[in-house]
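Structure at a glance
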Amino acid sequence: MSPSAAIGPVRHPVTADDLDRAVQLAVAVLREAPPLAWGGRAGSLEWDCWETVEHLSDDLFAYAAQMGPRTPPLEGEVPFVWERRRPGGPANVVHADRTAGPAGLLQVLEASGALLVAMVRTASPQVRAYHVHGVSDAEGFAAMGIVETLVHTHDLAQGLGLAWSPPADLCSRVLDRLFPHAPGATDRWPTLLWATGRADLPGRPRPTAWRWDSTPRA
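Quick look at the structure, then. (Residues numbered from 1 in each chain as written. Predicted model: local features only at pLDDT ≥ 70, side-chain atom pairs only at ≥ 80, totals over all residues. Heavy atoms only, no water.)

What the protein contains, in helices and strands, is seven helices and zero strands. From first element to last, N terminus to C terminus, the protein shows the α and β order α-α-α-α-α-α-α. Scaling as 2.2 N^0.38, a compact globule of 218 residues should have a C-alpha radius of gyration of about 17 Å, and the protein matches this with 17 Å. Referenced to the eigenvectors of the C-alpha coordinate spread, the extents of the protein come out at roughly 60 × 45 × 30 Å. Per-residue burial over the protein gives 50% buried out of 218 residues. Counting contacts in the protein only where the partners sit at least 6 residues apart, residues at least 24 apart contribute 70% of the total. For the protein, the computed accessible surface area is about 10,900 Å², with 56% contributed by carbon and sulfur atoms. Side-chain charges in the protein split into 19 positive and 24 negative, and the spacing between the mean points of these groups amounts to 3 Å. (Helix = DSSP H or I, 4+ residues; strand = E, 2+ residues; numbered from the N terminus. Rg over C-alpha atoms; globule rule 2.2 N^0.38 Å. Buried < 20%, exposed > 50% of the residue type's maximum accessible area, 1.4 Å probe, protein only. Contact = heavy atoms within 4.5 Å. Areas by Shrake-Rupley, 256 points an atom, 1.4 Å probe, with all protein chains shown as cover. Lys, Arg positive; Asp, Glu negative; His and termini not counted. Charge placed at Lys NZ, Arg CZ, Asp CG, Glu CD.)

What follows covers the side chain of Ser 112. Note that Ser 112 resides in helix 4 (residues 101–122). Separated by 3.4 Å, the side chain of Ser 112 and the backbone oxygen of Ser 57 make a polar contact. Ignoring sequence-local partners within four residues, the contact set of Ser 112 consists of Ser 57, Leu 60 and Phe 61. (Polar contact = N/O pair within 3.5 Å; in protein donor to acceptor, adjacent residues only side chain to side chain.)

Quick look at the nonpolar core now. Ranked by internal contacts, the top residues of the largest apolar core, which has 62 residues, are Leu 30, Trp 38, Leu 116, Leu 160, Phe 179 and Leu 192. When contributions to this core are tallied by element, the ones reaching two or more residues are helix 2 (16–30), helix 3 (49–66), helix 4, helix 5 (138–160), helix 6 (168–178) and helix 7 (188–195). It is helix 5 that contributes the most residues to this core, 12 residues altogether. Ignoring sequence-local partners within four residues, the contact set of Phe 179 consists of Val 147, Val 174, Leu 192, Ala 195, Thr 196, Trp 210, Arg 211 and Trp 212. (Core = buried A, V, L, I, M, F, W, Y, C linked by side-chain atoms within 4.5 Å.)

All right, on to the pattern of salt bridges then. Within this structure, the stated rule accounts for 12 salt bridges. Note that Glu 46 and Arg 41 form a salt bridge whose closest N and O atoms lie 3.4 Å from each other. The class of Glu 46 is exposed, set by a relative accessible area of 57%. Overall, the relative accessible area of 48% leaves Arg 41 in the partly exposed class. With its nearest N and O atoms 2.6 Å apart, the salt bridge here joins Glu 51 to Arg 86. Here Glu 51 is found in helix 3, whereas its partner Arg 86 is found in the loop between helix 3 and helix 4, with 35 residues between them in sequence. On the basis of relative accessible area, Arg 86 is assigned to the partly exposed category, the value being 33%. The network of salt bridges with shared partners includes Asp 18, Arg 21, Asp 169 and Arg 173. (Salt bridge = Lys/Arg side-chain N within 4 Å of Asp/Glu carboxyl O.)

Side chains that are three or four residues apart share a direction in an α-helix, a result of its 3.6 residues per turn. In terms of burial, helix 7 is a largely internal element, seven of the eight residues being buried. Residues Arg 188, Trp 189, Thr 191, Leu 192, Leu 193, Trp 194 and Ala 195 constitute the buried set of helix 7. The inward-facing, buried residues of helix 7 contact helix 5 and helix 6. Gly 197, located one to two residues past helix 7, shows a positive phi value of around 75°.

This part is about the packing of aromatic side chains. Given two aromatic rings, one states the distance between the centres and the angle between the planes to describe the pair. For the structure on display, the rule yields six aromatic pairs. Ring pairs connect the aromatic residues Phe 61, Phe 80 and Trp 82, which therefore count as one cluster. For the cation-ring pair, Arg 204 lies above Trp 194, with the distance from its terminal atom to the ring centre recorded as 5.9 Å. (Phe/Tyr/Trp six-rings, centres within 6.5 Å; stacked < 30°, edge-to-face > 60°. Lys NZ or Arg CZ within 6 Å of the ring centre and 35° of its normal.)

As a volume, the largest pocket reaches approximately 640 Å³. Lining of the largest pocket is provided by 29 residues; of these, His 55, Asp 59, Tyr 63, His 131 and Glu 148 occupy positions nearest its centre. Taken together, the residues of the lining of the largest pocket sort by class into 14 nonpolar, eight polar and seven charged. The computed volume of the second largest pocket comes to approximately 280 Å³. (1 Å grid on protein atoms, 1.4 Å probe; cavity = no way out; pocket = protein on both sides within 12 Å on 5 of 7 lines; lining within 4 Å. Points joined across faces, edges and corners; volume = space filled by probe spheres on them. Nonpolar A, V, L, I, M, F, W, Y, C, P; charged D, E, K, R; others polar.)

Here is the structure:
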């Protein structure tokens, strides 16, 4: 047995470059949306497409902010005020100026993604910060940002009538980081959709409840 076989397969960590790639791919696809389609419902979500991009932007911003303090919180979130613009809408810190139109909305998304990319690049490997699904490190926040980006772009693509199929290598790395018990022999993008309650897999109905494990990996 070779030394590498003895210690198991090598895990490829999630990086800031992976996150930047995911955000840029998502923005490029969403720029193709018809200007009047943003008020339609985003896939299976209860939010419209505009609100869903605001929610995604808010996720990316919040993950960056969570690692921002010199001593990041380990028992709760940085206490921003999250507000809903309507009953049933997403509770966000980040809201886009609607007078800026879809181009401005996507600029908000790109800027929020850039904040998290920068934080992941510069944070010490020893940094830990609170997340409800497990105190995490910079790699974990990058992986969470990628999952949010990939699956919410899937929701948006359904609502906006766009094609969206992200790279298998991105899906593989975030599945390995956040969903270590997901099946490993299935196609990676359908498996990520299954793991986030958005699709069935052969012989595996979609979960009615799901969560990732954001605690650091060895």
